[in-house]
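As a plain string of letters, each chain reads:
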Amino acid sequence: MIEAQLLPSPVGPLALLARDGVIVAAGFTADPTEMFVRLSPELRAHGLDVVDDLGAPAEAVRAYLAGDLDALDAVPVEQPGSPTRKRLHEALREVKAGTTVSYAELAERAGMPRTAARAAGSACAQNLIAPFVPCHRVLPSTGGFGGYYYGVPVKEWLLAHESGRA
């Protein structure tokens, strides 16, 4: 069974979906089914149950929102993808709170050439586990915030929170 919990945040509800204590999806939505339908058919076959408390992952979110910006780092996550996408997602998890990288820098951190910035952007766009896999920390080298699946205001808030400006 995939278990889901909704947690309040300053930018709206955060839905967490976990299987056996491992986060398989997370996103800023009040409807966990919005995240559930993005999972692989194999995971969706387990069904969805909304629970009151996921335990450690929920505690990590509360700690993160309270200012422990490294709290999400220890939570195990798992999402599908090619070996390249998985390397990019792992590199994303190594981008520390309060810092940002460009798409080209993310590609380099994943052992790819800077010219693989498009692949890095694609990995961010396909990320199912925000903010645990912090794609909000990637900014275009041309300036601005770029896009964010949950909207640029959410991305701006996350970056401000992590820099102590929220």
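Refer to the structure printed above.
Residues numbered from 1 in each chain as written. Predicted model: local features only at pLDDT ≥ 70, side-chain atom pairs only at ≥ 80, totals over all residues. Heavy atoms only, no water.

(A) Representation of the pattern of salt bridges within the structure. All told, the structure shown has four salt bridges when counted by the stated rule. Between Arg62 and Glu59 there is a salt bridge whose closest N-O contact spans 2.7 Å. Taken together, the residues span about one helical turn, with Arg62 and Glu59 both in helix α3 (residues 56-65) at a distance of three residues. For Lys96, the salt bridge is made with Asp73, and the minimal N-O distance between the two is 3.6 Å. With Lys96 in the loop between α4 (83-93) and β5 (101-102) and Asp73 in the loop between α3 and α4, this residue pair connects regions lying 23 residues apart in the sequence. (Salt bridge = Lys/Arg side-chain N within 4 Å of Asp/Glu carboxyl O. Helix = DSSP H or I, 4+ residues; strand = E, 2+ residues; numbered from the N terminus.)

(B) Spatial organisation of the sheet that holds strand β2 (residues 14-19). Read from one edge of the open sheet, four strands run β3-β2-β1-β4, paired in mixed fashion. Two strands in the sheet have a free side with no partner beyond their single neighbour: β3 (22-27) and β4 (48-50). Adjacent strand axes in the sheet meet at a mean angle of 25°, parallel and antiparallel pairs treated alike. The strands that α3 touches are β1 (2-7), β2 and β3; relative to β1, the one it contacts most, it runs at about 25°. (Pairing = 2+ DSSP bridges. Axes fitted to C-alpha atoms, helices over the stretch in contact; angles between N-to-C directions. Contact = heavy atoms within 4.5 Å.)

(C) Inspection of α4 at higher detail. Regarding α4, the residues found buried are Leu88, His89, Ala91, Leu92 and Arg93. Looking at the buried positions of α4, the neighbouring elements they touch are α5 (103-109), α6 (117-125) and β6 (138-139). (Buried < 20%, exposed > 50% of the residue type's maximum accessible area, 1.4 Å probe, protein only.)

(D) Up close: the packing of aromatic side chains. For the structure on display, the rule yields three aromatic pairs. With a centroid separation of 5.8 Å and 70° between ring planes, the pair formed by Tyr148 and Tyr150 is classed as edge-to-face. Overall, the relative accessible area of 11% leaves Tyr148 in the buried class. For the ring pair Tyr149 and Tyr150, a centre distance of 4.9 Å and an interplane angle of 75° mean the geometry is edge-to-face. When its relative accessible area of 14% is taken as the criterion, Tyr150 is described as buried. Within the aromatic cluster, the residues linked to one another by ring pairs are Phe28, Tyr148, Tyr149 and Tyr150. The lysine or arginine in question, Arg38, covers the ring of Tyr149, its NZ or CZ lying 4.1 Å from the ring centre. (Phe/Tyr/Trp six-rings, centres within 6.5 Å; stacked < 30°, edge-to-face > 60°. Lys NZ or Arg CZ within 6 Å of the ring centre and 35° of its normal.)

(E) Looking closely at the nonpolar core. Formed by 53 residues in total, the largest nonpolar core has its most connected members in Leu16, Leu17, Ile23, Leu39, Leu106, Phe132 and Tyr148. For this core, the element with the highest residue contribution is β2, accounting for five residues. Excluding anything up to four places from it in sequence, Ile23 contacts Leu16, Leu17, Ala18, Pro57, Val75, Pro76, Val77, Glu78, Ile129 and Phe132. (Core = buried A, V, L, I, M, F, W, Y, C linked by side-chain atoms within 4.5 Å.)

(F) Representation of the layout of surface pockets in the model. In this structure, the largest pocket encloses a volume near 160 Å³. Surrounding the largest pocket, Val77, Glu78, Gln79, Lys86, His89, Glu90, Arg93 and Val133 form its lining. (1 Å grid on protein atoms, 1.4 Å probe; cavity = no way out; pocket = protein on both sides within 12 Å on 5 of 7 lines; lining within 4 Å. Points joined across faces, edges and corners; volume = space filled by probe spheres on them.)

(G) Broad picture of the state of the cysteines. Following the criterion strictly, the structure yields zero disulfides and no others. The thiol of Cys124 is not disulfide-bonded; the next cysteine sulfur, from Cys135, is found 5.4 Å away. Judged by relative accessible area, which is 9%, Cys135 ranks as buried. (Disulfide = S-S within 2.5 Å.)

Note that all results are geometric; they support no functional claim without further evidence.
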